[in-house]
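# Tertiary structure, described
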Amino acid sequence: MKRRTGQDRSITASWRPATLAVRGGTARSEWGETSEAMFVTSGYAYDCAADAAARFAGEQAGMTYSRLQNPTVEMLEERIALLEGAEACRSMATGMAAMTAALLCQLQTGDHVVAGRAAFGSCRWLTDTLLPKFGIETTIIDARDPQAFADATKANTKLYFFETPANPTMDVVDLRAVCGIARERGVLTVVDNAFATPALQRPMEFGADIVAYSATKMMDGQGRVLAGAVCGTAAFINDVLLPFTRNTGPTLSPFNAWVVLKGLETLDLRIRRQSENALAVGRFLEGRVARINHPGLPSHPQHDLAMSQMAMTGPIFSLEVDGGRAQAHALLDALRLIDISNNIGDSRSLMTHPASTTHSGVAEEKRIEMGVSEGLLRLNVGLEDPADLIDDLDQALSSIGL
Ligand SMILES: *Cc1c(COP(=O)(O)O)cnc(C)c1O
């Protein structure tokens, strides 16, 4: 029995995002459970040996081994694909597994990649260290300037890889312009959309080819599990990505997939409220600290661009104090409500000093070049009452003389 599941695209095609977030991808077992079942199994049994052979030959529908398929994991993949407006999605064990697979599944020695310089620390490690090790050349550019992508493109350029807004400087990439430049040159775009999620920004609507996620962040949204996802055309996912992931094994566990399914049910509510809270906290901090990088505030140099491609600007922004690492650490140490933590997308407010945590693995000169100064702090604004967050920041700033 599989009545009215959320997997029949002829039915889900007309569903709006809020409906998809709750029901998209749901497949019911013979018990007709309302909430998605967690299938904690590594393998599957067959009625007869011929069935096993047929399933391995791809002649019979069904599952063979949870590195390759799992019902709970597939529900999540279908839900993310529907929310993204993508033909297909493959989930991964972590966001970094998603980024690594999205790049390595389609690159080979002799290829060239153009990547944004403001990026998550491990994404910079992929482009600066891992790819060159395999003879894949990378050019790092200021992704705020679409022309920089065009100028860096060569005959062997295969991919543009960037995130927007970028971690932690909140640089914004002009999706329409950059994806347009890529299309003209036959280059594929891989967009890390972790900060916005499909609830706020859908890069494929602007021409992106592949959208990759850390689902650890806003999709789980409650700081519980690690997960990742890659969205693209069915041809890309099935013919290019799947052979890579099925054989290398960065598979998401059914438990983590189930937790993210539950997270997606409230993604829209959470990200909208957290965006509002982040704006309130940002407005309070503006003028009180030396600098604030918040794409939702008119002071952000790319505010208009951000508002033209995002529904709201999300829970994350960064700020800068003039007193370097000592003052930034003192501010963190004075907090009483907001946690010192390097995670983001959590329903709790968290603050971190990127230069000594998330970006400590990036060489100092590269950190400075990408805007990760010693006085930079990144804030994830949660679902608490923003007045309490403002009170906490107010007392912490006062205690260090700001
Ligand atoms: C966190 C993050 C990642 C890595 O995701 P994990 O789930 O921690 O592996 C990649 N890109 C961005 C923008 C992130 O914020």
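Residues numbered from 1 in each chain as written. Predicted model: local features only at pLDDT ≥ 70, side-chain atom pairs only at ≥ 80, totals over all residues. Heavy atoms only, no water.

You'll find the chain entered in an unreviewed UniProt entry as O-succinylhomoserine sulfhydrylase, with Sphingomonas guangdongensis given as the organism. UniProt lists a comment for the chain under the heading Subunit (unreviewed entry), and it reads "Homotetramer." Under the UniProt heading Catalytic activity (unreviewed entry), the entry covering the chain gives this text: "O-succinyl-L-homoserine + hydrogen sulfide = L-homocysteine + succinate". (UniProt positions renumbered as here; feature names shortened; annotations may be inferred.)

The biggest cluster of nonpolar side chains holds 56 residues, and the ones touching the most others in it are L76, I80, F149, Y160, F162, V260 and L264. A per-element tally of this core places helix α4 (residues 71-84) first, with 7 residues. Excluding its chain neighbours within four sequence positions, the residues that come into contact with Y160 are V114, F149, A150, T153, V178, I181, A182, R185, V187, L188, T189 and V190. Core analysis: the second largest hydrophobic core is formed by 28 residues, A88, M92, A102 and L103 among them. (Core = buried A, V, L, I, M, F, W, Y, C linked by side-chain atoms within 4.5 Å. Buried < 20%, exposed > 50% of the residue type's maximum accessible area, 1.4 Å probe, protein only. Helix = DSSP H or I, 4+ residues; strand = E, 2+ residues; numbered from the N terminus. Contact = heavy atoms within 4.5 Å.)

Turning next to the site of the ligand. In the neighbourhood of the ligand, 15 residues make up the surrounding shell, with M96, D192, S214, T216 and K217 lying closest. G95 places a main-chain nitrogen or oxygen 2.8 Å from an oxygen atom of the ligand. Here M96 contributes a backbone N or O atom positioned 2.8 Å from an oxygen atom of the ligand. Considering the ligand on its own, with 380 Å² of exposed area, one finds that the protein chains cover 93% of that surface. (Near = heavy atom within 4 Å. Polar contact = N/O pair within 3.5 Å; in protein donor to acceptor, adjacent residues only side chain to side chain. Areas by Shrake-Rupley, 256 points an atom, 1.4 Å probe, with all protein chains shown as cover.)

This part covers the sheet that holds strand β1 (residues 88-92). Taken in spatial order, the 7 strands of this open sheet run β1-β7-β6-β5-β4-β2-β3, and their pairing is mixed. The sheet terminates laterally at β1 and β3 (137-141), the two strands that pair on one side only. Sheet twist, expressed as the mean angle between neighbouring strand axes with direction ignored, is 20°. With 4 bridges connecting them, strand β2 (residues 112-116) and strand β4 (residues 157-163) associate as parallel partners. Its bridge partner being in β4, V114 is matched across the sheet by Y160. Here α4 sits on the sheet and contacts β1, β6 (210-214) and β7 (228-232); the angle it forms with β1, its principal contact strand, is near 130°. Along the sheet face, helix α6 (residues 121-133) touches β2, β3, β4 and β5 (188-192) and points at about 150° away from the line of β3. (Pairing = 2+ DSSP bridges. Axes fitted to C-alpha atoms, helices over the stretch in contact; angles between N-to-C directions.)

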